[in-house]
Amino acid sequence: RHMATPPQVPGSRPYITVVQYNCLADGLSGADAGFDSLPPDEMAWPKRGFELTRKIIDADADVVCLQEVDHYHDTFRPALHAQGYDGVYREDEWSPCRKTTDGKLADGVAIFYKREKLELLGMHVPFTPRDVKEPPIEERRDAGKCLVARFRMRAPIEQRRGTGWKDYTCATLDFIVATLHLASDKNEEGVKRREAQALCAMKEILTFKAMSGAGREDRLSPIVVAGDLNAQPHEPAVEVFKKLGLMSCYARHIRAEPLFTTWKIRTGPYKPGEAKMTIDYIFAQHSAFDVYDVLAMPRSDEIGPKGLPCRGHPSDHLMLKASLEFIVEP
């Protein structure tokens, strides 16, 4: 789809484009999942995996944040690598896909980036080992499914070699990207757990930033967070990011969150019923970025009465995309 407004030509300041996309894991979309919005052959992974990677490639973003990735090594990584992307991946040690596929698949979160524009400086995987998937509430200290990476904007090749190397490494912009997938329980306990996970994730991100040499200065290594929070806009988990200096890119640019970012109508034994809500976000540090565009979201009538996935939208979540211009200077 086209951008929400006519694409603006960035000024002299550097800019990045960021995609957020929950891909609907193969292990969570089988016959028992209850999706009948697409024919079985189009829901099957060979077809749907191809459509997902094609949609991501067509978005042409500098950074791509993905959740529910259970074919990283055999689908996403080779397809995106061939188009100029490198990636980092964190598998969920308690992935529900293990149960639905007899241990053959496990989903996780991934960050892909254009290797000609960005270089990876470091990464962090917040991880709290636990003996059971759902420990007692008082023992839960986790950031959800979280992956954090730090990138540097690449200068032209001639500025990265010879006598220009030192100036290049000291002067070019760097930034931090985190992708998240938080607890999905739609009840009071789930609301509290997501808030705790969001707080933990931001603590991990800020600690990673400090240990990367940026300290807590806004102008150094500004932060972008993109993910499926499983939290609606009014929930405390969303407020966590806003209170810590991040803005929702859609709310900033179009004065409101999208009407919905997921719409699923399931008929099987696994979570049957209809769910239509906004739970996916791209946040950016408001002191460091201007939002100059976002991807327009499709209307309900463009999707059809059976919801997602549908032709043109091969997941039960919609893709988000934001174009961000740096305010800070190197």
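(A) Broad picture of the overall build of the protein. When helices and strands are tallied, the protein shows nine helices and 14 strands. In the protein, which comprises 330 residues, the share counted as buried stands at 55%. In the protein, the proportion of contacts linking residues at least 24 apart, taken out of those at least 6 apart, comes to 78%. With an accessible surface of roughly 15,100 Å², the protein has 53% of that area assigned to carbon and sulfur atoms.

(B) Just the sheet that holds strand β1 (residues 15-22), in detail. With respect to topology, six strands assemble into an open sheet ordered β3-β4-β2-β1-β14-β13, the strand pairing being mixed. Strand pairing shows two members of the sheet lacking a second neighbour, β3 (85-91) and β13 (289-294), which therefore form its edges. Each strand of the sheet is rotated relative to its neighbour by a mean of 20°, with strand direction disregarded. In this sheet, strand β14 (residues 320-326) lies alongside β13 in antiparallel orientation, the contact comprising five bridges. Residue V294 lies in a different strand from β14, and its bridge partner there is A322. Contacts from helix α2 (residues 45-59) reach β1, β2 (63-69) and β14, with the element oriented near 160° to β1. Lying over the sheet, helix α3 (residues 72-81) contacts β2, β3 and β4 (108-114), oriented at roughly 160° with respect to β3.

(C) Inspection of the sheet that holds strand β12 (residues 280-285) at higher detail. One open sheet accounts for six strands, arranged β5-β6-β7-β8-β12-β9; its pairing is mixed. Across the chains shown, the open sheet's two edge strands, defined by having one partner strand only, are β5 (118-124) and β9 (246-248). Mean inter-strand twist for the sheet, computed between neighbouring axes without regard to direction, equals 25°. Where helix α7 (residues 236-243) meets the sheet, its contacts fall on β7 (174-181), β8 (223-228), β9 and β12, and the angle it forms with β12 comes to roughly 15°.

(D) Spotlight on the pattern of salt bridges. Applying the stated criterion to the full structure yields 21 salt bridges. The salt bridge involving D60 is made with K114; its shortest N-O contact spans 2.7 Å. Taken together, the residues D60 in the loop between α2 and β2 and K114 in strand β4 connect sequence positions 54 residues apart. The salt bridge partner of R299 is D301, with a shortest N-O separation of 2.9 Å. Taking relative accessible area as the criterion, R299 reaches 48% and is therefore assigned partly exposed. Through salt bridges with shared partners, a single network forms among R13, D290 and E325.

(E) Summary view of the packing of aromatic side chains. Considering all chains together, one arrives at eleven aromatic pairs under this definition. Here F151 and F175 contribute two aromatic rings whose centre-to-centre distance is 5.9 Å and whose plane-to-plane angle is 40°, an arrangement assigned as tilted. Taken together, the residues F151 in strand β6 (residues 145-153) and F175 in strand β7 connect sequence positions 24 residues apart. We classify F151 as buried; its relative accessible area is 0%. Taking relative accessible area as the criterion, F175 reaches 0% and is therefore assigned buried. Through a chain of ring-to-ring contacts, three or more aromatic side chains come together here, namely Y113, F151, F175, F289 and F326.

(F) Representation of the nonpolar core. Ranked by internal contacts, the top residues of the largest apolar core, which has 58 residues, are L66, F76, I111, F112, F175, F289 and L324. Listed in part, the 25 residues of the second largest apolar core include A143, L182, A231 and V238.

(G) The arrangement of the confidence of the model for the protein in detail. Scored by pLDDT, the protein has a mean of 90; 85% of the residues are at 70 or more. In this model residues 1-9 is a low-confidence stretch, pLDDT under 50, and it forms 23 contacts with partners more than four residues away in sequence or in other chains.

(H) Layout of the packing of α2 against α3. Running from N to C, α2 and α3 cross one another at 35°; their axes reach a closest spacing of 10 Å. As for how α2 packs across α3, the hand of that crossing is right-handed. Counting all contacts with α2, which are made through W45, G49, L52, T53, I56 and I57, the residues of α3 involved are T75, F76, A79 and L80. Taken together, the residues of the contact of α2 with α3 sort by class into seven nonpolar, three polar and no charged.

(I) Highlighting unusual backbone geometry. Omega for the peptide link from L308 to P309 comes to -5°, which places this bond in the cis form. Here P309 lies in the loop between α9 (300-303) and β14. Of note, the phi angle at S221 is positive, near 45°, even though the residue is not glycine. Relative to the elements of secondary structure, S221 occurs in the loop between α6 (188-214) and β8. Phi is positive for N230, which is not a glycine, with a value near 55°.

(J) Summary view of the side chain of K264. Tracing the sequence through the fold places K264 in strand β10 (residues 262-266). Within the structure, K264 has its side chain in polar contact with the side chain of D316 (distance 3.0 Å). Once residues within four sequence positions are removed from consideration, K264 is found in contact with F35, G273, E274, A275, L308, D316 and H317.

Reading guide: rules and limits
- Residues numbered from 1 in each chain as written.
- Predicted model: local features only at pLDDT ≥ 70, side-chain atom pairs only at ≥ 80, totals over all residues.
- Heavy atoms only, no water.
- Helix = DSSP H or I, 4+ residues; strand = E, 2+ residues; numbered from the N terminus.
- Buried < 20%, exposed > 50% of the residue type's maximum accessible area, 1.4 Å probe, protein only.
- Contact = heavy atoms within 4.5 Å.
- Areas by Shrake-Rupley, 256 points an atom, 1.4 Å probe, with all protein chains shown as cover.
- Pairing = 2+ DSSP bridges.
- Axes fitted to C-alpha atoms, helices over the stretch in contact; angles between N-to-C directions.
- Salt bridge = Lys/Arg side-chain N within 4 Å of Asp/Glu carboxyl O.
- Phe/Tyr/Trp six-rings, centres within 6.5 Å; stacked < 30°, edge-to-face > 60°.
- Core = buried A, V, L, I, M, F, W, Y, C linked by side-chain atoms within 4.5 Å.
- pLDDT = per-residue confidence, 0-100.
- Left-handed = near helix turned anticlockwise from the far one by under 90°.
- Nonpolar A, V, L, I, M, F, W, Y, C, P; charged D, E, K, R; others polar.
- Polar contact = N/O pair within 3.5 Å; in protein donor to acceptor, adjacent residues only side chain to side chain.

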